Amino acid sequence: MLLLGLRGALGWARSCRLPGPGWSRGVSGALRLQEAGDGRSVYSPLVQTARGYARPVKKRKQVLPSHLDDLPPTMLKKDYANVPIIDKVDDVVKRLLSLEMASQREKVKIKTQQLIEKVRRTPSDTGSFEVQTAILTAKIQTHQEHLRMHPKDKSNRRRMLMAIDHRKKLLKYLRRTRYETFEQTCKQLGIQYTLPPPYCRRMTRRWAAKKAFCLKVFKEVQKLKAPERLKQRQEWQAKARAAKEQTLQDEGTPV
């Protein structure tokens, strides 16, 4: 059996020395089953060493930057940061209560609180336009990171677009009423505000026909109202003339 395997390997190497018209037949002959002396079918040794060459390669997950990277892992969670006895607990407990073991939602809470601290007016401010803008900014950044990993998540994309529209309205109001606060808020939150484009409606055949019909109706209504308006104008002129004559008579000047 060993001699048969070596003979097949030598035949394959001899046929594959130079590529030519018969090189495919040589390869197929080397890969063909060979019969042993006892009637069993075995593969040649050359083919056995080449098994497993097409294993799937595992792709490494791409690490994307996050807006939560600046949070230190040793920072405590929001609910345990102001506890008086937190300094006396064990290091293992501190690690369990830190951001190293925290979930994504808890990290987003701390990031939102940091953004609020940058733009709030007073320490008790929780609902001003600046604070609402900071909360929406944290939500938008979280949705954007999720969509980078899951671009087909339609519901998350819809929530992100709704938050962007809401924040745009708040910034528009701040820009109209208090421009200095608007500039400071955009600077602290890292928002690049762009002016909305002027309204431009797309011209369609249906819209053009509707506009022409409305203009036609408006002109017909003006024609129907023209005699009444002329009569009303003549009455106003007659009243004004009579009032002027009466005034001149009262003053004693000839008409």
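No experiment lies behind these values; they were computed from the predicted model shown.

Peer 1: Would you explain the packing of helix 7 (residues 154–177) against helix 8 (residues 179–189) in this entry?
Peer 2: Packed helices, taken two at a time, are described by the angle their axes make and the gap between the axes. For the pair helix 7 and helix 8, interaxial distance at closest approach is 5 Å and the crossing angle is 135°. Taken together, the axes of helix 7 and helix 8 are oblique relative to one another. From helix 7, Leu-171, Leu-174, Arg-175 and Thr-177 reach across to helix 8, where they touch Tyr-179, Phe-182, Thr-185 and Cys-186. Of the residues that constitute the contact of helix 7 with helix 8, the class distribution is 5 nonpolar, 2 polar and 1 charged.

Peer 1: Sorry if this is basic, but what is going on with the packing of helix 5 (residues 104–119) against helix 8 here?
Peer 2: Two numbers describe how helix 5 lies on helix 8: the axes approach to 9 Å, and their chain directions differ by 145°. Viewed along their axes, helix 5 and helix 8 form a crossing whose handedness is right-handed. Note on element contacts: helix 8 touches helix 5 through Thr-185, Gln-188 and Leu-189, opposite Leu-115, Lys-118 and Val-119. Class assignment for the residues of the contact of helix 5 with helix 8 results in 3 nonpolar, 2 polar and 1 charged.

Peer 1: Just checking my understanding: could you explain helix 6 (residues 129–149) for this structure?
Peer 2: An α-helix turns once every 3.6 residues. As a result, residues three or four positions apart point the same way. Taking 1.5 Å per residue, 21 residues should reach 30 Å; helix 6 reaches 31 Å between its end C-alpha atoms and fits that length. Residues of helix 6 that are buried include every one of Glu-130, Val-131, Thr-133, Ala-134, Leu-136, Thr-137, Ala-138, Ile-140, His-143, Glu-145 and Leu-147, and no others. Close packing links the buried residues of helix 6 with helix 5, helix 7 and helix 8.

Peer 1: Before we go on, may I ask you to explain the confidence of the model for the protein in this structure?
Peer 2: Segments scoring low in pLDDT should not have their predicted coordinates read at a detailed level. Mean pLDDT over the protein works out to 78, with 76% of the residues at or above the 70 mark. Within the protein, the element-level pLDDT minimum falls on strand 1 (residues 34–35), averaging 46, and the maximum on helix 7, averaging 94. Below a pLDDT of 50 lies the segment residues 16–20, which in the model reaches 1 contact outside its immediate sequence neighbourhood of four places, other chains included. Within the model, the stretch residues 22–37 combines pLDDT values under 50 with 25 contacts to residues more than four positions away or in other chains.

Peer 1: Would you take a moment to explain a nonpolar patch on the surface for this structure?
Peer 2: A grouping of Val-92, Leu-96 and Met-101 is seen on the molecular surface, where their side chains present a nonpolar patch of about 280 Å² in accessible area. Relative to the helices and strands, Leu-96 resides in helix 4 (residues 91–96).

Peer 1: What's the story with helix 8 in this structure? I'm lost.
Peer 2: What helix 8 keeps buried is the set Phe-182, Thr-185, Cys-186 and Leu-189. What you see down the axis of helix 8 is that its buried residues fit within an arc of 95°, all on one side. Residues of helix 8 that are exposed and point more than 90 degrees away from the buried face comprise Glu-180 and Lys-187. At its buried positions, helix 8 is contacted by helix 5, helix 6 and helix 7. Positive backbone phi, approximately 70°, marks Gly-190, located one or two places after helix 8.

Peer 1: What am I meant to see in the nonpolar core here?
Peer 2: Soluble globular proteins tend to bury their nonpolar side chains together. If you look at the biggest cluster of nonpolar residues, it comprises 12 residues: Leu-115, Ile-116, Val-119, Val-131, Ala-134, Ala-138, Leu-171, Leu-174, Phe-182, Cys-186, Leu-189 and Ile-191. Elements represented by at least two residues in this core include exactly helix 5, helix 6, helix 7 and helix 8. Beyond its immediate chain neighbours, meaning those up to four positions away, Ala-138 contacts His-67, Thr-112 and Leu-115.

Rules and cut-offs
- Residues numbered from 1 in each chain as written.
- Predicted model: local features only at pLDDT ≥ 70, side-chain atom pairs only at ≥ 80, totals over all residues.
- Heavy atoms only, no water.
- Axes fitted to C-alpha atoms, helices over the stretch in contact; angles between N-to-C directions.
- Helix = DSSP H or I, 4+ residues; strand = E, 2+ residues; numbered from the N terminus.
- Parallel < 35°, antiparallel > 145°, perpendicular 65-115°, else oblique.
- Contact = heavy atoms within 4.5 Å.
- Nonpolar A, V, L, I, M, F, W, Y, C, P; charged D, E, K, R; others polar.
- Left-handed = near helix turned anticlockwise from the far one by under 90°.
- Expected span 1.5 Å × (residues − 1).
- Buried < 20%, exposed > 50% of the residue type's maximum accessible area, 1.4 Å probe, protein only.
- pLDDT = per-residue confidence, 0-100.
- Patch = residues over 30% accessible without salt bridge, like charges linked within 9 Å, V, L, I, M, F, W, Y side chains within 5 Å.
- Areas by Shrake-Rupley, 256 points an atom, 1.4 Å probe, with all protein chains shown as cover.
- Salt bridge = Lys/Arg side-chain N within 4 Å of Asp/Glu carboxyl O.
- Arc of directions from axis to C-beta.
- Core = buried A, V, L, I, M, F, W, Y, C linked by side-chain atoms within 4.5 Å.

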